[in-house]
Amino acid sequence: MKKLIANVLLSATILAGLSLSAVAQDTLKLPNMSYRTGPFAATGTPHQNGQLDYMTMLNERDGGINGVKIAFDECETGYNTEKGVECYERLKSEGALVTQPWSTGITLQVLPRTNVDEIPMFGPSYGFSAMQDGKTFKWAFNAPTSYWDGASMIMTALGDSDVANLNGKKIAFLHLDHPYGKEPIPLFEKLAAEHGFTFLPIPVGLTEMQNQSAQWLQIRRERPDYVIMWGWGAMNAGAVTEAVKTRYPMDQFVSVWWGAHNPDLKLVGADGKGYRALSWNFTDSEAPVMQDIKKHVVDAGKSQIDQAGGEFDSMAYQRGVLMSVILAEAVRVAQDHAGTPNINQEQLRWGLENLNMDDARLAELGVEGMMGPLKTTCANHTGNAGAWMVEWDGEKFEKVSELLSADRALIDPLVEEEAAKYAAANAPWPTNEECSM
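Residues numbered from 1 in each chain as written. Predicted model: local features only at pLDDT ≥ 70, side-chain atom pairs only at ≥ 80, totals over all residues. Heavy atoms only, no water.

Bringing helix H3 (residues 41-62) into the picture now. If you check H3, its first and last C-alpha atoms are 31 Å apart, about what 22 residues at 1.5 Å a residue would give, namely 32 Å. Judged by how many residues are buried, H3 sits mostly within the fold: 17 of 22 residues are covered. With its phi angle positive at about 75°, Gly63 sits one or two positions after the end of H3. (Helix = DSSP H or I, 4+ residues; strand = E, 2+ residues; numbered from the N terminus. Expected span 1.5 Å × (residues − 1). Buried < 20%, exposed > 50% of the residue type's maximum accessible area, 1.4 Å probe, protein only.)

Looking at the element boundaries, Asp133 is found in the loop between strand S5 (121-122) and strand S6 (140-141). Asp133 gets classed as buried once you look at its relative accessible area, which sits at 4%. Residues Asp133 and Pro203, spaced 70 residues apart in sequence, show a C-alpha to C-alpha distance of 28 Å. Here the side chain of Asp133 touches Thr136 through a polar contact of 2.9 Å, side chain to side chain. (Polar contact = N/O pair within 3.5 Å; in protein donor to acceptor, adjacent residues only side chain to side chain.)

This paragraph deals with the state of the cysteines. Taken as a whole, this structure holds 2 disulfides when the rule is applied. With its sulfur 2.0 Å from that of its partner, Cys75 forms a disulfide with Cys87. Here the disulfide of Cys75 and Cys87 is left-handed, its torsion about the S-S bond being about -80°. Residue Cys75 is located in strand S4 (residues 74-76), and its partner Cys87 is located in helix H4 (residues 81-93); the two are separated by 12 residues in the primary sequence. For the pair shown, Cys75 and Cys87 are each scored as buried. (Disulfide = S-S within 2.5 Å.)

Here the focus is the sheet that holds strand S11 (residues 276-279). Taken together, the 7 strands give an open sheet; going across it, the order is S8-S7-S9-S10-S11-S14-S15, and neighbouring strands pair in mixed fashion. Of all the strands in the sheet, just strand S8 (198-204) and strand S15 (397-399) have a single pairing partner and so form its edges. Between one strand and the next, the sheet's axes are offset by a mean angle of 25°, whatever the strand orientation. Judged from the 2 bridges that link them, strand S10 (residues 253-255) and S11 form a sheet pairing that is parallel. The residue of S11 that forms the bridge with Val254 is Arg276. (Pairing = 2+ DSSP bridges. Axes fitted to C-alpha atoms, helices over the stretch in contact; angles between N-to-C directions.)

In this section: the packing of aromatic side chains. For the coordinates displayed, the defined rule picks out 28 aromatic pairs. Each ring, one from Phe173 and one from Phe188, has its centre 5.0 Å from the other, and the planes form 55°; the classification is tilted. Remark: Phe188 occurs in helix H9 (residues 185-195) and Phe173 occurs in strand S7 (residues 170-176); sequence separation between them is 15 residues. What makes Phe173 buried here is its relative accessible area of 0%. The exposure class of Phe188 is buried, given its relative accessible area of 1%. Where Phe173 meets Phe199, the ring centres are 5.7 Å apart and the plane angle is 35°; that geometry is what we call tilted. With a gap of 26 residues between them, Phe173 in strand S7 and Phe199 in strand S8 connect regions that are remote in the sequence. Note on Phe199: relative accessible area 14%, which makes it buried. By way of ring pairs, the aromatic residues Tyr35, Phe40, Tyr79, Trp102, Tyr126, Trp232 and Trp258 are connected into one cluster. (Phe/Tyr/Trp six-rings, centres within 6.5 Å; stacked < 30°, edge-to-face > 60°.)

Given below as structure tokens:
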């Protein structure tokens, strides 16, 4: 790859009379929207640190990606949608190669602009699940997995490999009353209608996250067989502590990946044993990628992490690392295809929809065992990586399942249906005729 890029650059230099040193001064502008402030800072910060530290490591260890340094600037949103749109406009004007909204609400606001501005949007494992449909959403990507994939895998796990086993059960859905928290509801409702379980949504408002007494009073009254949490930030910590206080069986309490957050469970320690979360990533601080980050970034004093608090070893920090691993891999794929390290937005879009991160490639990247393989295509912008069920043992999370897969026969038709609805509601909405589902 490096030899190919070098040859292309040399040819371009001879033809255009440019110097290689001038080309090397260019940067890959891969900014991120962040929220290191506000009620979601506790989970937003370690994810941001992980993303940033991986890109910093590439700059320090490799001189960037194929010799081009990465500019990974942040624009603080505080998880506020209006501020997120302002960040989008600013970063667009500065020549950003990608948009990383870091909020489902911001994602939904920016999504209609993608076809006009032609800047790829990368929302790893968040946002609108129907973005899987690359024919409809040419510029939007949510690899490695989607919320609908996550909901499917959770239900399969709760049903002991068959959702039909949940017939007659009652399942409470404790969720943030925000676009993110509402995203999986259509899939849960569809499964409830097909398999005969009771689905009970219990919303948590932005002002109720730290005091969920009303929600947990309802849970005590309803006595659900399971509580599935779709929370974020202070909401998750509040829910875990309330569950312990009300003596809800922790082995019946399950979360999507954002609830696999070590500091939240450390608040309750051994009382949280049995709590589970579905997670598409798993920690391995001894993995080659983590050791390179430690050497080139953390030990070099170039990281913002809380070393005393164990952030480096946390699920959230290492999940952030993997998010940047995926984006950097898309850059490499784009550079290889374009024959130049100085790619543009369209070329990065091509890279994002032509990822092939199989087991061999994950090993080469130094992340073997930290995430499952994924493959994106023109038609599939999610990649549908699997996830593990992880369980809190009183001190840390442990894997308690094999790599799980979502029910494609359930989700793919829903993706196509919801993508068509979105396109109709936002007509005229162009489709990518080069793709087929």
